[in-house]
Amino acid sequence: MSNPGGANIKPEQLKAKYLGTGHPDITKYEWATNIHRDTLSSHVGHYDQLSYFAVAQNESIGRVRAQMLEKMILPCGLPPKPKSLKDLVPPSS
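The model shown is predicted, which means the values in this text are computed figures rather than measured ones.

**A look at the overall build of the protein chain**
Logical step 1: If you tally the helices and strands in the protein chain, you get 4 helices and 0 strands.
Logical step 2: Ordered by position in the sequence, the α and β elements of the protein chain form the string α-α-α-α.
Logical step 3: Relative to its full complement of 93 residues, the protein chain shows a buried share of 13%.
Logical step 4: In the protein chain, 39% of the contacts between residues at least 6 apart in sequence involve partners at least 24 apart.

**Topic: the nonpolar core**
Logical step 1: In terms of nonpolar packing, the biggest core is built from 6 residues, these being Leu40, Val44, Leu50, Ala54, Val64 and Met68.
Logical step 2: Of all the elements in the fold, those that place two or more residues in this core are helix H2 (28-45), helix H3 (47-57) and helix H4 (61-71).
Logical step 3: With sequence-adjacent residues up to four places away left out, valine 44 is seen in contact with Leu50, Arg65, Met68 and Leu69.

**Quick notes on the packing of aromatic side chains**
Logical step 1: Scanning all chains against the criterion turns up 1 aromatic pair.
Logical step 2: Considering the side-chain rings of tyrosine 52 and phenylalanine 53, the 6.0 Å spacing of their centres and the 65° angle between planes classify their relative orientation as edge-to-face.
Logical step 3: Judged by its relative accessible area of 58%, tyrosine 52 is exposed.

Conventions used here
- Residues numbered from 1 in each chain as written.
- Predicted model: local features only at pLDDT ≥ 70, side-chain atom pairs only at ≥ 80, totals over all residues.
- Heavy atoms only, no water.
- Helix = DSSP H or I, 4+ residues; strand = E, 2+ residues; numbered from the N terminus.
- Buried < 20%, exposed > 50% of the residue type's maximum accessible area, 1.4 Å probe, protein only.
- Contact = heavy atoms within 4.5 Å.
- Core = buried A, V, L, I, M, F, W, Y, C linked by side-chain atoms within 4.5 Å.
- Phe/Tyr/Trp six-rings, centres within 6.5 Å; stacked < 30°, edge-to-face > 60°.

Next up, the structure:
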């Protein structure tokens, strides 16, 4: 992989720089949560997109923004319960 300047970037450096890129042991829930939060933060950060959603829902922009920010707390609901005791302990690095 390389960046626009042409220097090579190792995947480990890329993952350290961008937290949402995940790692080999990421669960489906964590991955989905990262994607949903990234999408919601993009919607909140782009005013034109936020106003589009507000018009479509017939709500004020502030209310739509507040709803999206609240949804970012648990975008995919509660995390799944671990199936066994070993799932509670994170893998050592």
